[in-house]
Amino acid sequence: MASYPVFLKRNQQVADRTLAFYFDKPEGFAFRAGQCIRLVLIDPPETDGEGNGRILSLASAPAEAELMVATRIRGSAFKRVLSGLAPGAELTLKGPYGDFVLPADPRTPVVFITGGIGITPVRSMLLQALAEQEERRLVLFYANRQPQDAPFLEELQQACAGDARCTLVATMTRAEPAATGWQGEQGHVDEAMLARYLDEVQAPLYFVDGPPALVAAMKAMLGRLGVAEERVRTEEFAGY
Ligand SMILES: Cc1cc2nc3c(=O)[nH]c(=O)nc-3n(C[C@H](O)[C@H](O)[C@H](O)COP(=O)(O)OP(=O)(O)OC[C@H]3O[C@@H](n4cnc5c(N)ncnc54)[C@H](O)[C@@H]3O)c2cc1C
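Heads up: these notes are all about the structure in this document. (Residues numbered from 1 in each chain as written. Predicted model: local features only at pLDDT ≥ 70, side-chain atom pairs only at ≥ 80, totals over all residues. Heavy atoms only, no water.)

Summed over the entire model, instances satisfying the criterion amount to five aromatic pairs. An angle of 80° between the planes, with centres 5.2 Å apart, marks the rings of Y4 and F29 as edge-to-face. Pair noted here: Y4 is in strand β1 (residues 3–15) and F29 is in the loop between β2 (18–24) and β3 (36–41), with a separation of 25 residues, a long-range link. Here Y4 and F29 have matching classes, each one buried. Judged by centre distance (6.0 Å) and plane angle (80°), the ring pair of F141 and Y197 falls under edge-to-face. (Phe/Tyr/Trp six-rings, centres within 6.5 Å; stacked < 30°, edge-to-face > 60°. Helix = DSSP H or I, 4+ residues; strand = E, 2+ residues; numbered from the N terminus. Buried < 20%, exposed > 50% of the residue type's maximum accessible area, 1.4 Å probe, protein only.)

Rendered as structure tokens:
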């Protein structure tokens, strides 16, 4: 698999304990919205059991000028070193990998179901579909504990606002409206929530990704609703 040098341009906080990292696109690198890469530290001062690299989805859309990944910052050596890198630091990008990508037929309606950091490949696919002026119908169910945990929420709300192709259903599982001012949906994505927003539950192609527990729960729910297995594409973020 191809390997490219990339240089950190900047990082930016995109939610609580969550950073986005931006890079210029290396020459010759191309990817499809939804694919992931392996991002590898070069000679880091510390390492851990998982090694010096991690698989991360590209959260940027191919139509955007920069490459961007985003991750929850936890205690691993990889993430400690990554979050401390200064602009200009060199890393190695390997990939792209994966076939968690939009179907070729732009008329196929797509429903994304994700939570938390699982939004990364979805951001890429959704913004790419909108940028390509596809007629595709897009519905995103996006679950988080609280609004401050939800990477890219405002940006995606703005991208979908006023665009008839796109519906964003954000839901909070632990947001007290009185404390947070949250006005939207509450609780986990479930059969009743899908029914409120989808005319035909069995027609779309579903993209479900994020922590393995969320993926398993959503797959089981879609099975109960009679959605055919071949209409459900999944990607598990092993490690969460
Ligand atoms: C296809 C694919 C795409 C992915 N895309 C992304 C992405 O876009 N963004 C992203 O952030 N991740 C993504 N991941 C997951 C990513 O590769 C890492 O596994 C994840 O970020 C965890 O890395 P880590 O360094 O925090 O933990 P690791 O050092 O890799 O440790 C993983 C193990 O330790 C446990 N662990 C570590 N820290 C904690 C903690 N604080 N609390 C509880 N348990 C802990 C984990 O449960 C797990 O068992 C993706 C994975 C796959 C397979």
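Note on placement: R165 falls in the loop between α3 (153–160) and β9 (166–172). Reaching out from R165, the side chain makes a polar contact with the side chain of D163 at a distance of 2.7 Å. In this structure, R165 is in contact with A129, L130, Q133, E134, E135, R136, R137 and L138, ignoring residues within four places of it in sequence. (Polar contact = N/O pair within 3.5 Å; in protein donor to acceptor, adjacent residues only side chain to side chain. Contact = heavy atoms within 4.5 Å.)

Neighbouring the ligand are 20 residues, the closest being I55, T71, S76, K79 and Y240. A distance of 3.1 Å separates an oxygen atom of the ligand from a polar atom in the backbone of S57. Contacts to the ligand include A70, whose backbone N or O atom sits 2.9 Å from a nitrogen atom. If you list the elements that add at least two residues to the shell around the ligand, you get β4 (53–57), β5 (66–72) and β12 (232–236). With four residues, the top contributor of residues to the shell around the ligand is β4. (Near = heavy atom within 4 Å.)

Attention shifts here to the sheet that holds β3. In space, the six strands of this open sheet follow the order β4-β3-β6-β1-β2-β5, with antiparallel pairing throughout. If you trace the sheet from one side to the other, it starts and ends with β4 and β5, each paired once. With strand direction ignored, the average angle separating the axes of adjacent strands in the sheet is 40°. With five bridges connecting them, β1 and strand β6 (residues 90–97) associate as antiparallel partners. Residue pairing across strands places P5 opposite T92, the latter belonging to β6. (Pairing = 2+ DSSP bridges. Axes fitted to C-alpha atoms, helices over the stretch in contact; angles between N-to-C directions.)

The end-to-end C-alpha distance of helix α6 (residues 212–224), which contains 13 residues, comes to 18 Å, matching closely the 18 Å that a straight helix rising 1.5 Å per residue would cover. The set of residues buried in α6 consists of V215, M218, M221 and L222. Within α6, the buried residues cover an arc of 130° as seen down the axis, which keeps them to one side. Set apart from the buried face of α6 by more than 90 degrees, the exposed residues are A213 and R224. Those residues of α6 that are buried lie in contact with β7 (110–115), α5 (191–197), β11 (205–210) and β12. Of the residues flanking the end of α6, it is G226, one or two places downstream, whose phi is positive at about 85°. (Expected span 1.5 Å × (residues − 1). Arc of directions from axis to C-beta.)

The general pattern is negative phi for most residues beyond glycine and trans for most peptide bonds. Between G95 and P96 the backbone carries a cis peptide bond, its omega angle lying at 5°. Turning to its location among the elements, P96 is positioned in strand β6. Phi is positive for R17, close to 50°, though the residue is something other than glycine. Looking at the element boundaries, R17 is found in the loop between β1 and β2.

This brings us to the pattern of salt bridges. Applying the stated criterion across every chain yields a total of 12 salt bridges. Linking E66 and R10 is a salt bridge whose minimum nitrogen-to-oxygen distance equals 2.9 Å. With a gap of 56 residues between them, E66 in strand β5 and R10 in strand β1 connect regions that are remote in the sequence. The buried category is assigned to E66, whose relative accessible area is 19%. With a relative accessible area of 33%, R10 lands in the partly exposed category. Between E185 and R196 there is a salt bridge, with its nearest N and O atoms 2.9 Å apart. Taken together, the residues span a long stretch of sequence, with E185 in strand β10 (residues 185–186) and R196 in helix α5 at a distance of 11 residues. Several salt bridges converge on common partners, so that one network encompasses K9, R10, D24 and E66. (Salt bridge = Lys/Arg side-chain N within 4 Å of Asp/Glu carboxyl O.)

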